[in-house]
Amino acid sequence: MEFGEFADAAAKIEALSADTEITERVTTLFGAAGSDLPVIARFVQGRVFPAWASRTLDIGPNYCYEAIARAAGTNVSAADVEDRLADVGDIGEVAASYEFGGQQGLGAFASGGTTDSNDLTVAEVADELDGLAAAEGAGSQDRKIDALFGLFNRASSEEARYLARIVLSEMRIGVGEGTVRDATAAAFDVPVEAVERALQVSNDYGEVARVARDEGEAGLAAMDLELGRPVQAMLAQAGTVTDALDDWDEAAVEWKFDGARVQVHYDPSGLDWEAEDGTGGGNSLDSDDETDAREVAVFSRNMEDVTDALPEVVEHVREHLDAPAILDGEVVATDDGDPLPFQEVLRRFRRKHDVAQAREQVELDLFAFDCLHAAGEDLLRSPLAARHDRLESILSAGVSSLWVTDDSEEIAAVEAEALDAGHEGIMLKDPESTYSPGRRGKNWLKRKPDVETLDLVVTGAEWGEGRRANFLGTFLLSARTGDEDGRADGFETIGKVATGITDEELADLTELLEPHVRTQDGQDVEIAPTVVFEVGYEEIQQSPTYSSGYALRFPRFVSVREDKDPEDADSLARVERLADQQ
Ligand code: ATP
């Protein structure tokens, strides 16, 4: 296809506002694309490379302005281009405002010299951009500018408009991923769901469009995950324990590690992967030869290749993973076992030099929590619990623990441990759910931190059992009555807290409270209002269980408010106000 024809279609699409009309136009464009279909499916989104590829044009905006300026004539400078851009705010508009084609020199093609040359094809633009991305080493930036100049110099105004936008990944014609998906399905008469699934496993809009056209639904169904090619990570929504237990029979609970997301690909017989320089960049065990295929690749959440920056992960996988696999997990920076702020990991991701030295300063640990592929089998459609079992069967160290339970107390205990260990809290996942790449659905919930805490008075407790028989536990909590700002004239019960308390704290709390025990009835004791606990919770509910008429959902011990007397504890009036605000 002529690039002019593509630019024309892009202009028509840009002029539309209704989604259905846009999809129709893109559908027509795909139908007419011929062998350029994969490129066009990317160009309409302003992409040059497949979404999974780490490759970029690696050309800063300034170089693009420079190329435009050179193609525009001797009296135009990059600064002029930038000034116009500041005025109009769209590099496409700026590029279209110049007359190109008169410039000679390095990179100006033989056809340069005509102002409206129609011979620039989509394939040529794609090839040039491909070559430009591959340029490396001394003088590569100049060669990139030359190549771009050559393209602009052959472009008509309309072509320049879309060329500039593609180069700077700012297509802005209203075509998103969903449009390309729907247009692919419509153009080649295949179900949208089949396109969607193929996109999830391949992350390659161009290839999916080609397969849809040439091989139909069966071809799409045959597209699988490929070792070495990253897929988008499944994402989480904010949610509560209440949401999880209301929606699912049981919840899978994991620590929410405070690190950075990674996707690890491993194949001991070599990943199907090519390094930027085409050598394969080996990292196999017995290799001192760069041309060996590598066994491990590590990708960040945005699918950037971070393998070289994380040799610990590469080593860990080689040592502990038994089968070709794709793992999802979190890398955490630690100091003597304690997690460091996640910025430490991100710093390592960016590290290109002196990795060995950085490694001495900060230890990195992998916590794998999911398994997308194992030993030749794609697991995206298996339930989470089964995927986790599979993960445990192939990885002998560094697997995150997973608890499946419908007991909110147990969930609270996991959360307390996670917080104690210095991590962020917990993730709640539907144990039956499949893995949906790139989706932020309701199947993974990151537990929202408590919005507010309440300071409540301890008015009762229960003696523990077994190992905890000598300790008071399960503390009965009360809010004071009276005005919100006034003094207490009584206490009304509102809930019990048993979680979030370590054995050590239980001993201290027993020592603190035992002198104030008023009466005892079996394991239950009544305690004179003396001690104030700060308590976290997820929700305040109306409930006949307690004398206040309210109950706390998912209460969690935070601390003893030693600085507060019972009279300063939170009032029932405040509880009522918070309940109303929910
Ligand atoms: P968002 O994903 O909402 O854009 P974010 O990247 O800041 O935000 P969070 O929302 O805080 O991350 O939580 C989701 C992230 O938590 C995951 O992307 C992952 O990096 C991290 N995480 C830590 N532990 C787990 C776990 N056990 N399961 C899934 N994700 C986990």
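Look up: the structure comes first, before these words.
In what follows, the accompanying structure is described.

Here is what the cut-offs are and how they apply
Residues numbered from 1 in each chain as written. Predicted model: local features only at pLDDT ≥ 70, side-chain atom pairs only at ≥ 80, totals over all residues. Heavy atoms only, no water. Patch = residues over 30% accessible without salt bridge, like charges linked within 9 Å, V, L, I, M, F, W, Y side chains within 5 Å. Areas by Shrake-Rupley, 256 points an atom, 1.4 Å probe, with all protein chains shown as cover. Salt bridge = Lys/Arg side-chain N within 4 Å of Asp/Glu carboxyl O. Lys, Arg positive; Asp, Glu negative; His and termini not counted. Charge placed at Lys NZ, Arg CZ, Asp CG, Glu CD. Helix = DSSP H or I, 4+ residues; strand = E, 2+ residues; numbered from the N terminus. Buried < 20%, exposed > 50% of the residue type's maximum accessible area, 1.4 Å probe, protein only. Pairing = 2+ DSSP bridges. Axes fitted to C-alpha atoms, helices over the stretch in contact; angles between N-to-C directions. 1 Å grid on protein atoms, 1.4 Å probe; cavity = no way out; pocket = protein on both sides within 12 Å on 5 of 7 lines; lining within 4 Å. Points joined across faces, edges and corners; volume = space filled by probe spheres on them. Near = heavy atom within 4 Å. Polar contact = N/O pair within 3.5 Å; in protein donor to acceptor, adjacent residues only side chain to side chain. Sits in = over half its atoms within 2 Å of the grid points. Nonpolar A, V, L, I, M, F, W, Y, C, P; charged D, E, K, R; others polar.

**Comments concerning a negative patch on the surface**
Then comes step 1: Together, Asp249, Glu250, Asp406, Asp407, Glu409, Glu410 and Glu432 line one region of the surface with negative charge.
Then comes step 2: With respect to the helices and strands, the residue Glu409 is situated in helix H18 (residues 408-420).
Then comes step 3: Given a relative accessible area of 37%, Glu409 falls into the partly exposed group.

**Some details on the sheet that holds strand S1 (residues 235-239)**
Then comes step 1: With mixed pairing, the five strands of this open sheet are ordered in space as S1-S11-S10-S2-S9. Bordering the open sheet on either side are S1 and strand S9 (403-405), each of which pairs with just one other strand. For this sheet the average axis-to-axis angle between neighbouring strands, irrespective of direction, equals 40 degrees.
Then comes step 2: When S1 meets strand S11 (residues 440-447), the two strands line up parallel, connected through four bridges. Within the sheet, the bridge partner assigned to Gln237 lies in S11 and is Leu445.

**Examining empty space enclosed by the protein**
Then comes step 1: This model, assessed by the stated rule, comprises one cavity of 30 Å³ or more.
Then comes step 2: In terms of lining residues, the largest cavity is bounded by Pro230, Val231, Gln232, Ala233, Arg261, Val262, Gln263, Phe299, Ser300, Arg301, Met303 and Asp328.
Then comes step 3: Broken down by secondary-structure element, the contributors of at least two residues to the lining of the largest cavity are strand S3 (260-266) and strand S4 (296-300).
Then comes step 4: When residues in the lining of the largest cavity are grouped by element, the largest group, three residues, is from S3.

**Overview of the pairing of strand S12 (residues 453-463)**
Then comes step 1: Burial analysis of S12 places nine of its 11 residues in the buried class, the great majority of the element.
Then comes step 2: Direction of pairing for S12 relative to strand S17 (residues 532-536): antiparallel, over a ladder of five bridges. Bridge pairing in S17 links Thr453 to Gly536.
Then comes step 3: Bridge count for S12 against strand S16 (residues 524-527) is three bridges, and the pairing is antiparallel. Bridge pairing in S16 links Ala461 to Val525.

**Concerning the site of the ligand**
Then comes step 1: Surveying the vicinity of the ligand reveals 13 residues, the closest of which are Glu254, Lys256, Arg301, Glu330 and Lys446.
Then comes step 2: For the ligand, a nitrogen atom lies 3.0 Å from a polar atom in the backbone of Trp255.
Then comes step 3: Residue Glu330 places a side-chain N or O atom 2.6 Å away from an oxygen atom belonging to the ligand.
Then comes step 4: Here the ligand loses 78% of its free accessible area of 600 Å² to cover by the protein chains.
Then comes step 5: Put simply, the ligand lies in the second largest pocket.
Then comes step 6: Split by residue class, the shell around the ligand holds five nonpolar, no polar and eight charged.

Just distances and angles here, no functional claims.
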